[in-house]
Amino acid sequence: MEAPAPLRPAAWRALPGWAEDRPSEALPALLESCRALAAMPAGRELGGAGEAARRGGSPAAWRDACAGAAALDAALARLTEPRLAADGRRARMRARLVAEAREYRARRFFERRFQPFAVAEPGLLTGYYEPVLRGAREPDETYHVPLYARPPELAEATIAPLAQGGVAGGLAARRAFGRWRDGRLEPLPTRAQIEDGALAGRGLELVYVDDPVEAFFLHIQGSGRVVLRDGTLLRVGYAGQNGRPYHAIGRTLIERGEIPRERMSMQAIRDWLNASDWEGWERGMRLMRENPSFVFFRLVEGLRPDQGPIGALGVPLTPMRSIAVDPAFVPLGAPVFVATRAREGEGERAAPPLRRLVVAQDTGGAIRGPARGDLFVGWGPEAGDRAGRMREPVEMFVLLPRQGATEMAEYHEPPPRP
């Protein structure tokens, strides 16, 4: 029996909170994607399954939409806010009207250029961030945890996915890492083996950091910032993985009764790993070694401090406007509207709904399935705390370029604001 399509066409009114978002704030992220797409071969595969692959699975499919985004950006640049006069009242009113006009034009652009597609299954939205660590170029008693560069023998291959449940062709191939032996791709040593010295003495150490727990979370996030003793800022980015499966230690802590499921978060895991006594610390170190996956890094040049890390699409990520997706279902570069529900409760359990337009610019090892998203929150401890607590059911809508005059005729432009 054929499985239902992962995406189905939807009307704009079906997007919860679409009218309240500020889509102009997603435009810079979209333009970053457009610049990357323009530099790619027209036939390069961006991912997506079925309709998503047909409409948005190659850079050529985004050419017209990107031209429209550039024109919109130029038009918005001409809408400047007035300088505040002494009394300020008339200028503030004008500023409000300018802001409304900006959002009206941006919203109209997306509604005219794109067709929303609802993800047919319930979704999950989590968050990730760019950690900030302390480090040194040479090891000592304080800085003793190495971040490794990619070993030269590490190879990368694309593995064609098997059709599942009737969802056949169009699925994107997945990356696999390892080293070639007798025509087979075999994984590199495990995390525990590498920590025990499997790669030592080869000059692969990029930098040394002072905290094994923060280094572990850096592996999970895939990129980060390292502040050296003299204040120099290094940016490190994902350069590959040892080919071992990722094991979620949070699930292990739940199964062992260490942390209740309802209290599970990144911060709860960090607190458990950072147990104050020696016995607790050793248990934390042993638990991290149960995850055999190990990430290699590279130094990233040319990023400003106010820019996020480079995502899988090759562009800097924008806080709260960039999202990691599974490219087997959602093409990289596509705008995605996410809508969570407000959580009931008090304190940490109470949260307002998050409803906003974001852009698919990254991927992740744990991001699997059409309705799975990982929102880039930002960098530093506050972003880490927010990202660690983000685990929400979500409705996801993928925006794909409209095709031909028929679809444009189906779009009804809303009346202009008075």
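Going by the structure above, here's the rest.
This structure is a prediction, so every number in the text was calculated from the model and none was measured. (Residues numbered from 1 in each chain as written. Predicted model: local features only at pLDDT ≥ 70, side-chain atom pairs only at ≥ 80, totals over all residues. Heavy atoms only, no water.)

## Quick notes on the sheet that holds strand 12 (residues 295–299)
Rules: Paired strands, in this sense, are two strands between which DSSP finds at least two bridges. Helical segments are the DSSP runs of H or I of at least four residues, strand segments are the runs of E of at least two, and each set is numbered from the N terminus. Orientation is described by lines fitted to C-alpha atoms, with helices fitted over the stretch in contact, and by angles between N-to-C directions that extend from 0 to 180 degrees. It only takes one pair of heavy atoms within 4.5 Å for two residues to be counted as in contact.
Read from one edge of the open sheet, 6 strands run 5-9-4-10-11-12, paired in mixed fashion. At either margin of the open sheet sits one strand with a lone partner, and together these are strand 5 (145–148) and strand 12. Geometrically, the sheet is characterised by an average inter-axis angle of 45° between neighbouring strands, direction not taken into account. Here strand 11 (residues 233–241) runs beside strand 12; their pairing, made up of 5 bridges, is antiparallel. Residue pairing in the sheet places glycine 240 in a bridge with phenylalanine 296 of strand 12. In the packing of helix 6 (residues 212–221) onto the sheet, the strands contacted are strand 4 (132–136), strand 5, strand 9 (205–209), strand 10 (224–228), strand 11 and strand 12, and the crossing angle to strand 5 comes to about 20°.

## Some remarks on the packing of aromatic side chains
For clarity, the cut-off: Note on aromatic contacts: the rings of Phe and Tyr and the six-membered ring of Trp form a pair at centre separations within 6.5 Å, being stacked when their planes are under 30 degrees apart, edge-to-face when over 60 apart, and tilted otherwise. Three exposure classes are used, based on accessible area relative to the maximum for each residue type with a 1.4 Å probe and protein chains only: buried under 20%, partly exposed in between, and exposed over 50%.
One pass over the structure, following the stated rule, counts 12 aromatic pairs. Ring centres of tryptophan 62 and phenylalanine 114 lie 6.1 Å apart, and the angle between their planes is 40°; this geometry places the pair in the tilted category. With tryptophan 62 in the loop between helix 2 (51–56) and helix 3 (63–77) and phenylalanine 114 in strand 2 (residues 114–119), the pair connects residues that are 52 residues apart, well separated along the chain. For the residue pair tryptophan 62 and phenylalanine 114, the accessibility class agrees, reading buried in each case. Centre to centre, the rings of tyrosine 148 and phenylalanine 294 are 6.0 Å apart; their planes meet at 55°, and the pair counts as tilted. One end of the pair, tyrosine 148, is in strand 5; the other, phenylalanine 294, is in the loop between helix 9 (278–289) and strand 12, and 146 residues separate them in sequence. When its relative accessible area of 6% is taken as the criterion, tyrosine 148 is described as buried. For phenylalanine 294, a relative accessible area of 4% translates into the label buried.

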